[in-house]
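The primary structure of each chain is shown beneath.
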Amino acid sequence: MIFFSGGTKKIIRYPHFIFEKEMKSKDKYIVIPFLTPGVLITFFFIVVPLFMAIRLGFYHMESYISPPKFVGFANYIQIFHESSFWNALKNGFVYGFISIALQVSIGIGIALILNETFKGKSFIRGLTLLPYILPTVVVALTWQWMLDGSIGVITNAVEKLSFGKVNWLETPTLAMFTVIVVSVWTWTPFVTTCFLAALQTISLDLIDAAKVDGTTAWQRFFYITLPILKPILVIIILLRGIWMFNKFDIIWIMTKGGPLGATEHLPILTYQKAFQTYDIGGGTAVATISFVILFIIVFIYLKIFPIEE
Amino acid sequence: MPKKDTPVKKVVIYSLVILIAIYSFFPIYWMFISSCRTYRTLFSSTSLIPGPFSLRSYENLLSMTKYLINFKNSLWVAFVTTGITLICSILMSYVVTRYRMRGKQFILHSMLFIYMFPPLLLAVPLYFIFTKLRLTDTLWGLIISHTTITLPLGVWLLWGFFKAMPFELEEAAMVDGASRIKAFFWVVLPLSLPGILTVSIFSFLLSWTDYTFGLIILSSDIQKTLPIGLATMVGAGDLNWGEIMAGAFLISVPLLIMLVFLSKYFVKGLTAGAIKG
Amino acid sequence: MKKRSFEKKSKGMTRRKFLKMAGTAGATMMVSAPFVHTQEKITLRVINQEPDPGTTKTLESNFAEWETKTGVKVLLDTVPGGEVFPKLTASIKAGNPYHLGNELFIGNINIMAANKWIVPLTDVIKKIGVDDFGPNILFPMKGEYWWYPYDYNFAHWFYRTDIFQKKGLKEPRTWADFLNCAKACTADNMFGLGLGIGSGQWVDWLNVGFMWADGVKLFDDKWNVIFDSPRMKPKVIKYLNFFKELYQYMPPGMTSLVWADHVKLFVSERVAMNPYSGRMIEHVEAYAPHLADKVGVFLYPSSDGSRFAVGHGYDGWFVVKTKYSEEAKKLLYWLVTEKLIDFYANLPIHYQPTRLSIYDDPRWKSLPKVKKYQNILETMKGFLTRKDIVLDCVDIQGPEIDPRPGKITRKFIMPTMLQNLVLKNLPPEECLKIAADQIREVMKEG
C-alpha cells in the first residue's frame, strides 16, 4: 500500500521513542500488544482512508475499478463553479444552525422542567430519551407516515385546525422546515440529558439562599444556572454542530435532497457525486472541503470558547 | 428548608411534563398502532384509538420480505462490532491512562478530530479499499466500517473512566504479588464494568441503527441489515405503510428493551462525552 | 470509586451472562454468516425489478430447479421499479457485476448497450423467431437486438364508473372534458387524480401521454431538438397550463409518489381516476375486490378530441457482459421458453405478452384471470395494431433507436419541467426553455 510508512515499524523496534525512560523494558510486552489492535484498526481503516480521500480529490475516476487519472485542482475548480455546491453549503449551514439553536433551547427548557420534583420522574426521564435511541430510518419513516399527504395523522390534524392542506415535503421551504423539525425531535434528548445531569450538580443551598434573598426565577436562571451550564453548553454546541453538519441519513431518507435541491447539503452532494454519478474525484473533493470548513469553524470556536481541561 | 410548591406551580409543572411525555412518545405510539391496523382503516382513518386489530401487516412483512435474514445480519454485525470495539478500546484506554507516554494527548485529540470527519468522507475511500479486498457487499466490510465510528467513541468514554479509577487499587493487588496483567484482569476489568457496559450499549446502538454505511457497502438482498431492508421497502410495489410500520416497530424492540433496563447507562454515556470534556 | 462486593457480584453476573450470550450467539452466527465468496462453483446474480411477491417466488423456484439441473447457483436481488439501472451501474463500477436482469425502459437498455455493459441477444431472439414478436417492442439498435421483451405495459386511464355515473360524467374526449371530470371528482375527501412529479422515470411514462396525443415530438428526422420550435411550442405550453390546472385536483404528496403508488392511490379510493397498465386490475383484484365491477378504462385524450394516445411501456430481460454471459443466456432462454407461462401466470393482465403465439397458447388462455378479463385483454391487444392512437414514450423519440433519448429520462428533464411549473411556479415558457436546453445538452454529450 502506497501510504504505509516506515514510521510504524520504527515505533515497534524502538519503543523508547514514545515511552519515557521510567518505564521498565518488560512493560513493553504489555503496552505494545495492548495498543496494537486498536492502533492497527485506526491506522488502516481511519487514517489511511482519510489521506486517501484527500488524495482522491485530485484524481478523476470513472468507477472504483478503473485507473485514476491525475487532474490536479480541476475537481475543486469545477465544484466552486457549480451552483449546486454553494446551494448545498448554504443548506448545510441553515440546517445546522437552526437545528442546534432549537435543540439547545428546547433541550434546556425540557431539562429545567424535568429538574423539578414530580411523581414518576425517573420514568419520564427515560421516556424523553426515546427519540434519541430510535434508529434514524425508523424516525424518518414514522414521521413520513405521520406527515403523509393523504392519511398522515399530523396532516389531518393540521387540516382540521383549518390551516388547509400542508404539503410538508413538497415545497422547498417547507421541506427544510420539516427536516429540521424531525432532526430536533430526534436529537434534543442528548442536550436534555446532559443539561439535566449538570443541573443536578447545582447545590440546593445555593438556590435557597438566592430565593431567600428575594430573587425572581428569571434572575436565578440567568445568574446562577446559566453560568454553571456554560462549559457544558459550549461542548454540546460543538458536538451537536459537528454532528448536524455531517448528518446524512435523516435527510436522505426523507427527501433525498429534494425537492429541487432544497434540502441537499454537503454530505448528500458527496453521496450523489461518489455513488450516483460516479464522479468519485468530485465526491471526495466535496467531502474534503466539507471537512476543512468544519475544521476551521471548530478551530475558531475553540479559540473563542476554550474548553478548560 | 425548601419551600413547598404552590398548587398553581404544581399544575403547571404536571401539565408541562405530560406535554413532554406526549411529545416524546406519540410517534412511537402511532407507529405501533399503525402496524396492527387493518388495511382499510389504515388508509381511511386517523383515529387515535387503536384498532381495528389486525396482524396482516406483520404477516405480510415476514412472508414478503427477507426480514428475518436482515435481522440475523444486523445482530451478527452489531455483536461483532461491539466485541472488536470493546477489546480494542479497553486495551488502548488502559494503556493510555496508566503509562506515561508521548503522544497521549495526540491520541485523545485525534479522537475528537476523527469525530469531525463526515462519515461520507471516510466511506468513499473505505469503499475503494473494500473493492480491492473484495469486501464490498459483505458483512465483514460493514463490521469494519462500523468499528471506525465506535472505536473512537469507546476510547473517549473509557479514557475518562480509567482516568477516574485510582491506581492504588491495582498497586494493592500488585503488592500482594499479582503481575500487572493479572491486576488488569482481576481488579481493573471487574471494576470498570459500568464503563464497559456503557461502551457496549453505544457500540451496539451505533451498529444496529447505522444506515449510511449499509447503504453504501451492501447491495445484495441476503446481505442487507435491518435499516437498509426497511428503507428498501418504501416504494417497493406491494408493500404499504402498514408493513413498513411493522418493520419499524420490530427494529425498535431491542432498543426499547435496552432503554427500559439500561437507561442509566445511556445517560452515563451521553453525559460522559459532554461533561468530562 | 467504592464498589460494594454485592454490587460487584450482581454486575459480574450480568456481565458474564451477557458475554456468554454474546459468545454463543457469535459462534452460531459465525457458522451461518455468509462472509466469503466461494469461487469454485458458478454463481449467477440476477437483478429483478418485478416486486410482485408471486413473481419473485416463481423466479426463486425456477432458479432452484435450474441449480439441480445444471449445478449453476442463481441468486436473486429484487429492487423497486426503475432501480435496476443505478444498481447495475453500482455493481459494475465496484467490480462485482450482476449477470442477468430485467429492465423497464428501453432507454436504459440503449444506454447500457452504448456503454458496452450488455451483450446482444440477437441469437436468442432469432432462435425464438423475430416474427413471433409484436410490433414496436424489439427496438433493434445498430442491427442487433439488445433485450428480450417480456411484456407490454400500455399506460392508459382507469376510472370509477360509479362515481362518474353519480356525477353525470362521461369518458373525457378533450382536455376541457378531462378537467371537468377531475374537478367534479374532487369532493368528499376524494381527488380527481394523482400524478407523481418526483424525479423518476414514471413521469415519462404516465404524465406526458397528453402531449403525445396532441402530436408533440422531441426531435425531427435529423435529430434537431424541436421541443420548443415554433410548431411545437404552443402545444407544449398548452399542455403545461393544462397540467398546472390539473395539479389542484391532486392530493398532497405528489413529489413522493413512485410507480405503483399511482395504483395504490386509486385502489385505496383516494382518487377517482389514475393511469397505469394492467397492474391496476391485479391490485383491484387483490386488495379491493369490491371495486372490480366499478372500473372503466379510457385513453389519453388530445386537447381537441381528434385523437387518443397510450403511453408506451414495456419490460425486458438483458444479459450483462461478464465472463458468464453464455451461462446467463442459457438460463434466459430456458426462462422465456419453458417457464414463460409460469411467469405470466402471476400477473397475466399486467404482463401483456409480447409474442403473438402466446395469445393462442392454450396454457395461457386457460389462466383464470385471462378468462375473467378477456374483454380488457382484447382491448389491450388492440393497442398493438390500431392506427388511430398515438403510441409513444420519451425514450423512443427520434428517427431511430438511440441511447440519447434514454438519457433524457435518466436526467429527469420532464419531472424537473413539471416541478418548476407547480412547485416553483415558473411561467410555462421558462419551464419549456429550461427543459429544451437540457435536452440539447444531453444530445451534445452524446
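The structure presented is a predicted model; accordingly, all values stated were derived computationally and were not measured.

Visitor: Is there a simple way to explain the overall build of chain C in this structure?
Guide: Counting secondary structure elements, chain C contains 21 helices and twelve strands. Residues counted as buried form 46% of the 446 residues belonging to chain C. Here the analysis covers contacts within chain C between residues at least 6 apart in sequence; of these, 76% occur between residues at least 24 apart.

Visitor: Just checking my understanding: could you explain the nonpolar core for this structure?
Guide: Soluble globular proteins: nonpolar side chains tend toward being buried together. Core analysis: the largest hydrophobic core is formed by 161 residues, its most contacted members being Ala140, Leu141 and Phe195 of chain A together with Val124, Tyr127, Leu230 and Ala248 of chain B. It is helix α4 (residues 67–98) of chain B that provides the largest number of residues to this core, a total of 16 residues. Ile118, Trp147, Val267 and Ile401 of chain C belong to the second-largest nonpolar core, a separate cluster that totals 118 residues.

Visitor: Help me out: how do you make sense of unusual backbone geometry in this one?
Guide: For residues besides glycine, phi is generally negative; the peptide bonds are generally trans as well. Positive phi is not limited to glycine here, since Leu260 of chain A has a value of about 55 degrees. Secondary-structure assignment places Leu260 of chain A in the loop between α12 (249–255) and α13 (266–275). Assessed through the 19 C-beta atoms surrounding it within 10 Å, Leu260 of chain A is described here as partly exposed. Phi at Trp223 of chain C takes a positive value of approximately 65 degrees, unusual for a residue other than glycine. With respect to the secondary-structure elements, Trp223 of chain C resides in the loop between α9 (209–213) and α10 (233–247). For Trp223 of chain C, a count of 16 C-beta atoms within 10 Å gives the class partly exposed.

Visitor: When you look at the sheet that holds strand β6 (residues 156–160) of chain C in this model, what are you seeing that I'm missing?
Guide: Hydrogen bonds along the backbone pair up the strands of a sheet, which may run parallel or antiparallel. Residue and element names in this part refer to chain C. Read across the sheet, three strands follow the order β7-β6-β8 without closing on themselves; strand pairing throughout is antiparallel. Sheet topology places β7 (273–276) and β8 (295–298) at the edges, where each strand pairs with a single neighbour. Neighbour to neighbour, the strand axes of the sheet diverge by 30 degrees on average, direction disregarded. In terms of strand pairing, β6 meets β7 through four bridges, oriented antiparallel. Residue pairing for β7: Tyr159 is matched across the bridge by Met273.

Visitor: Explain the interface of chain A and chain B to me, please; I cannot follow it from the model alone.
Guide: The figure often quoted for interface size is the accessible area lost as the parts come together. In this assembly, 80 residues from chain A lie in contact with 77 residues from chain B. Among the elements that take part in the side of chain A that touches chain B, helix α2 (residues 28–56) of chain A stands out by supplying 15 residues, more than any other. Class assignment for the residues of the side of chain A that touches chain B results in 60 nonpolar, 14 polar and six charged.

Visitor: Sorry, what's going on with α13 of chain A here?
Guide: Helical geometry note: an α-helix holds 3.6 residues per turn, so side chains three or four residues apart project in the same direction. α13 of chain A sits mainly inside the fold: ten of its ten residues count as buried. Here α13 of chain A has its buried residues at Leu266, Pro267, Ile268, Leu269, Thr270, Tyr271, Gln272, Lys273, Ala274 and Phe275 of chain A.

Visitor: Mind showing me how you'd approach helix α9 (residues 172–199) of chain A here?
Guide: Helix length check: α9 of chain A (28 residues) gives 39 Å between terminal C-alpha atoms against 40 Å at 1.5 Å per residue, within 8%. The buried count for α9 of chain A comes to 20 of 28 residues, which makes it a mostly enclosed element.

Visitor: So what exactly am I meant to see when it comes to the confidence of the model for chain C here?
Guide: Low pLDDT means the predicted atomic positions in that stretch should not be read closely. Residue and element names in this part refer to chain C. Averaged over all residues, the pLDDT of chain C equals 88, while 91% of them reach at least 70. Below a pLDDT of 50 lies the segment residues 1–14, which in the model reaches nine contacts outside its immediate sequence neighbourhood of four places, other chains included. Counted against residues more than four places away or in other chains, residues 23–39, with its pLDDT under 50, gives twelve contacts. Scoring the predicted complex yields pTM 0.83 and, for the interface, ipTM 0.87.

Parameters and conventions
- Every chain's residues receive numbers from 1 upward, in the order its sequence appears when written.
- Note on labels: chains are lettered from A, ligands numbered from 1, in written order.
- Where local features are concerned, this predicted model is filtered to residues with pLDDT of at least 70; where side-chain atom pairs are given and counted, the filter is 80 or more; whole-chain, interface and lining totals use all residues.
- The helix count covers DSSP runs of H or I at least four residues long, the strand count covers runs of E at least two residues long, and both are numbered beginning at the N terminus.
- Remark: C-beta atoms are placed from the backbone, and a residue is labelled buried if 20 or more other C-beta atoms sit within 10 Å of its own, exposed if 12 or fewer do, or partly exposed between those counts.
- Working definition of a contact: two residues with C-beta atoms, positioned from the backbone, lying within 7 Å.
- Each nonpolar core reported here comprises buried Ala, Val, Leu, Ile, Met, Phe, Trp, Tyr and Cys residues connected via C-beta atoms within 7 Å.
- In this analysis, strands are considered paired if DSSP registers two or more bridges between them.
- Interaxial angle, 0 to 180 degrees, is taken between N-to-C directions of lines fitted to C-alpha atoms, where a helix line uses only the stretch in contact.
- Residues are grouped as follows: Ala, Val, Leu, Ile, Met, Phe, Trp, Tyr, Cys and Pro are nonpolar; Asp, Glu, Lys and Arg are charged; every other residue, Gly included, is polar.
- The span expected for a helix works out to 1.5 Å for each residue beyond the first.
- Confidence scores labelled pLDDT are given residue by residue by the predictor and lie between 0 and 100.

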